[in-house]
Amino acid sequence: MNYTLETINAKTFEGNLIYLYGDETAARDLPLGRKEIEEVRKHRERERDFVLVFDRLPYHLYFVSFDSERQAPDCQERLRCTATRVLRMLITEADADAAITASGTLPEEVAAFVEGLTLADYSFDRYISKTPHHLQNLAIDSLFLKPDELEASRRLWNRIFWCREWVNLPVQDLNAAQFADELSSIAADLEGVSCTVMDLKQIQSLRMGGLLAVNRGSSDEPRFVVLEYNGVKGGRRKASTSPICLVGKGIMFDTGGLNIKPGDYMCEMKSDMAGAATMASVLFAAADNHLPVHLVALLPMTDNRPAANAYAPDDIITMYDGTTVEVVNTDAEGRLILADAIAYAAKNYNPQLIVTAATLTGAAVRAISTFGIAAMQQNADCPMTMLQLVGDQVYERLVQFPMWREYDEMIKSKFADLRNSTMSPQAGTITAGKFLAHFAGEVPFIHLDIAGVAYFTKAQQYYREGASGYGIRLLYAFLQMQEMIEKGKK
Ligand code: BES
Ligand code: ZN
Ligand code: ZN
């Protein structure tokens with residue numbers, strides 16, 4: 001989608017116009033005749049949230065009324081959702097171009113609406129012969145957005161777009177090596193970003209027992225990708241600021257391995273690399289917009305398959321940090337590849353914080369459905385509170401699960417230091433988080449289980465069926481907040 005900023009006079013504008021109308025007491029210059037105003041007034045007596053379409057032949061006027069008295073995050077989220085309805089109408093009418101203006105409306109409300117239009121316009125259509133309609137040109141009234149703000153948002157949305165595209169790609173067209181190549185070529189074009197790709201041999205010499213075990217049943221090589229972006233280099237602070245490490249689960253496809261997934265449970269497991277895609281996208285977005293933060297993304301990648309040589313239940317593997325793990329279930333593979341990456345981050349980067357994003361457990365979906373992230377923390381009370389706060393603001397929400405020490409018992413093994421799954425079907429999300437936390441040691445650690453939100457089996461909010469990119473706006477807003485806190489300290 002192309003965005004332009006223009007001065008838009010709603011009354012004289014020639015083209016499809018989307019008009020946002022929030023607060024009638026502050027509204028002026030409505031592009032409506034007397035009859036239409038009456039229709040709007042009657043509607044608003046009954047409810048505040050509605051969309052009316054008026055014909056302005058050969059164009060359309062999409063009149064969007066909303067309730068501006070709601071709490072800001074709720075109001076903005078509803079606007080994103082309303083934008084989705086308007087987008088469907090535009091597509092049905094084959095309106096490829098539109099303009100947005102407003103009255104009685106705040107700039108952040110217009111921004112949320114544009115964000116909703118953008119996220120809703122994405123569809124995974126590269127394998128469809130007849131390309132579906134998309135909104136092509138969107139003019140935005142420059143009263144509501146500044147050029148640099150629009151540009152920063154556009155870059156962030158572009159990263160969300162690419163994350164969704166990668167997650168939607170089937171493993172036949174995106175295996176570990178291909179994904180690593182893709183990330184490294186993007187990094188090569190981005191100022192301040194470096195990329196190291198480790199192949200099978202290097203992973204073997206690092207002794208990443210978790211990643212190697214999961215990869216054994218695959219005919220494709222694993223990769224371990226490390227992206228680094230240092231936005232504070234050359235700034236007033238020292239270049240050696242300890243980074244925030246972003247660890248993402250990169251299971252390119254999860255069959256379950258020898259504990260093969262039954263029936264329909266295997267469908268959509270191309271999305272099991274959403275954590276890695278999310279973390280790479282967050283780092284790229286931070287670099288695009290020159291956020292003054294130091295980030296390292298650590299992305300272990302492989303698919304998980306059964307084969308003659310596949311790792312088996314009862315195997316005991318030695319992880320990167322020397323911890324031994326008894327494999328109880330080969331379908332609990334994500335924590336094995338993440339554990340190596342977390343331990344690697346803790347040992348080599350002196351991180352101020354490690355954050356993981358992973359489609360880790362079906363139990364997370366059962367606990368809170370598809371409406372948020374199941375989150376856990378160890379030694380990171382304060383960053384977690386901040387993350388929750390920004391999550392509520394951008395409406396990518398998380399709920400904190402407990403990390404009581406009693407859960408540790410559930411992942412102890414008789415024959416090794418840990419086991420990769422519990423024997424009971426209880427607290428599956430927490431015990432997975434506990435397993436990961438072991439490898440962070442003393443380093444402040446936050447784990448985000450995005451199993452419920454990374455990939456939707458049916459459309460919700462502004463997302464069509466498929467990958468959402470959920471978590472990118474959250475982490476990006478969190479990094480922006482870091483910047484504000486740093487400024488405040490000076
Ligand atoms: N990738 C799955 C988790 C998953 C399930 C993600 C549904 C998205 C939607 C993960 O590797 C897995 O299979 N987890 C098992 C763990 C169990 C064997 C301890 C699960 O959740 O059943
Ligand atoms: Zn699995
Ligand atoms: Zn998995």
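A quick note: this is a predicted structure, and the numbers were derived from the prediction, not measured. (Residues numbered from 1 in each chain as written. Chains lettered and ligands numbered in written order. Predicted model: local features only at pLDDT ≥ 70, side-chain atom pairs only at ≥ 80, totals over all residues. Heavy atoms only, no water.)

(A) Region of interest: the coordination of the zinc ion (ligand 2). Distances from the zinc ion (ligand 2) to its protein donors, Asp-254 (OD), Asp-331 (O), Asp-331 (OD) and Glu-333 (OE), fall at 2.0 to 2.2 Å. For the zinc ion (ligand 2), the six donor atoms in the first shell make angles of 72 to 169° at the metal, so the coordination geometry reads as irregular. The sequence pattern describing where the donors of the zinc ion (ligand 2) fall on their chain is D-x76-D-x1-E. In this structure, the zinc ion (ligand 2) lies 3.2 Å from the zinc ion (ligand 3), and both are coordinated by Asp-254. (Donors = N, O, S within 2.8 Å, 3.2 Å for Na, K, Ca; no water. Tetrahedral: all angles 85-135°; square planar, octahedral: opposite > 155°, others 65-115°.)

(B) Examining the coordination of the zinc ion (ligand 3) more closely. Protein coordination of the zinc ion (ligand 3) is provided by Lys-249 (NZ), Asp-254 (OD), Asp-272 (OD) and Glu-333 (OE), with donor distances spanning 2.0 to 2.5 Å. Coordination at the zinc ion (ligand 3) is octahedral: its six donor atoms span angles of 78 to 172° at the metal. Sequence positions of the residues that donate to the zinc ion (ligand 3) give the spacing K-x4-D-x17-D-x60-E.

(C) Expanded view of helix 5 (residues 176-188). For helix 5, spanning 13 residues, the distance from its first C-alpha to its last is 18 Å, which sits close to the expected 18 Å at 1.5 Å a residue. Residues of helix 5 that are buried include every one of Ala-176, Phe-179, Ala-180, Leu-183, Ile-186 and Ala-187, and no others. The buried residues of helix 5 all sit within an arc of 130° when viewed along its axis, so they share a single face. Exposed and oriented more than 90 degrees from the buried face of helix 5 are Asp-181 and Ala-188. Summarising the contacts, the buried residues of helix 5 are in contact with helix 4 (147-168), strand 7 (193-198), strand 8 (223-230), strand 10 (250-254), helix 8 (274-288) and strand 11 (294-304). Two or three places before Ala-177, at the opening of helix 5, Asn-175 has a side-chain oxygen 3.2 Å from that residue's backbone nitrogen. (Helix = DSSP H or I, 4+ residues; strand = E, 2+ residues; numbered from the N terminus. Expected span 1.5 Å × (residues − 1). Buried < 20%, exposed > 50% of the residue type's maximum accessible area, 1.4 Å probe, protein only. Arc of directions from axis to C-beta. Contact = heavy atoms within 4.5 Å. Polar contact = N/O pair within 3.5 Å; in protein donor to acceptor, adjacent residues only side chain to side chain.)

(D) Representation of the pattern of salt bridges in the model. Using the criterion set out here, one finds 25 salt bridges in the structure. A salt bridge links Asp-331 to Lys-261, with the nearest nitrogen and oxygen atoms 2.9 Å apart. Of the two residues, Asp-331 sits in the loop between strand 13 (324-326) and helix 9 (334-349) while Lys-261 sits in the loop between strand 10 and helix 8, which places them 70 residues apart along the sequence. According to the relative accessible area criterion, Asp-331 is partly exposed, its value standing at 25%. Across the pair Glu-396 and Arg-473 runs a salt bridge whose closest N-O atoms are separated by 3.7 Å. Taken together, the positions of Glu-396 in the loop between helix 11 (381-394) and strand 16 (398-400) and Arg-473 in helix 13 (residues 472-489) put the pair 77 residues apart, joining distant regions of the chain. A single salt-bridge network, built from bridges that share partners, covers Glu-77, Arg-80, Glu-115, Glu-396 and Arg-473. (Salt bridge = Lys/Arg side-chain N within 4 Å of Asp/Glu carboxyl O.)

(E) Spatial organisation of the environment of Ser-271. Mapped onto the fold, Ser-271 is located in the loop between strand 10 and helix 8. Along the chain, Ser-271 and Tyr-455 lie 184 residues apart, while their C-alpha atoms are 6.6 Å from each other. In this view, Ser-271 contacts Val-167, Thr-359 and Tyr-455; residues no more than four positions away in its chain are not counted. Within the structure, Ser-271 has its side chain in polar contact with the backbone oxygen of Glu-268 (distance 2.6 Å).

(F) Layout of the environment of Ala-83. Counting through the fold element by element, Ala-83 comes out in helix 2 (residues 72-92). Spatially, the C-alpha atoms of Ala-83 and Val-167 are 24 Å apart, while their sequence positions differ by 84 residues. Setting aside its immediate chain neighbours within four residues, Ala-83 contacts Phe-113, Gly-116 and Leu-117.

(G) Molecular detail of the sheet that holds strand 3 (residues 50-56). On the basis of which strands lie adjacent, the open sheet formed by six strands has the order 1-6-5-2-4-3 and mixed pairing. Each edge of the sheet is formed by a strand with only one pairing partner; in this case those strands are strand 1 (2-6) and strand 3. Each strand axis lies, on average, 20° off the axis of its neighbour in the sheet, ignoring direction. Sheet contacts for helix 1 (residues 34-46): strand 2 (17-21), strand 3 and strand 4 (59-65); angle to strand 3, the most-contacted strand, approximately 170°. (Pairing = 2+ DSSP bridges. Axes fitted to C-alpha atoms, helices over the stretch in contact; angles between N-to-C directions.)

(H) Spotlight on the nonpolar core. Within the largest apolar cluster, 101 residues are counted, with the highest numbers of intra-cluster contacts made by Ile-18, Phe-113, Leu-117, Phe-179, Phe-284, Leu-299 and Leu-448. With 11 residues, the single largest contributor to this core is helix 8. When residues no more than four places from it in sequence are discounted, the contact partners of Leu-117 are Met-1, Ile-18, Ala-83, Leu-87, Leu-90, Ile-100, Leu-135 and Leu-138. Grouped together as the second largest cluster of nonpolar side chains are 49 residues, Val-214, Ile-317, Tyr-320 and Leu-436 included. (Core = buried A, V, L, I, M, F, W, Y, C linked by side-chain atoms within 4.5 Å.)

(I) Spatial organisation of the pairing of strand 11. Along strand 11, 11 of the 11 residues are buried, which leaves the element largely enclosed by surrounding structure. Covered by surrounding structure in strand 11 are His-294, Val-296, Leu-298, Pro-300, Thr-302 and Asn-304 together with Leu-295, Ala-297, Leu-299, Met-301 and Asp-303, the residues of both alternating faces. Relative to strand 11, strand 8 runs antiparallel, the two being bridged by eight bridges. The residue of strand 11 that forms the bridge with Phe-224 is Pro-300. Across four bridges, the pairing between strand 9 (residues 244-248) and strand 11 is parallel. Across the sheet, Cys-245 pairs through a bridge with Val-296, a residue of strand 11. Where strand 10 and strand 11 come together, three bridges link them in parallel fashion. By the bridge assignment for strand 11, Ile-251 is matched with Thr-302.

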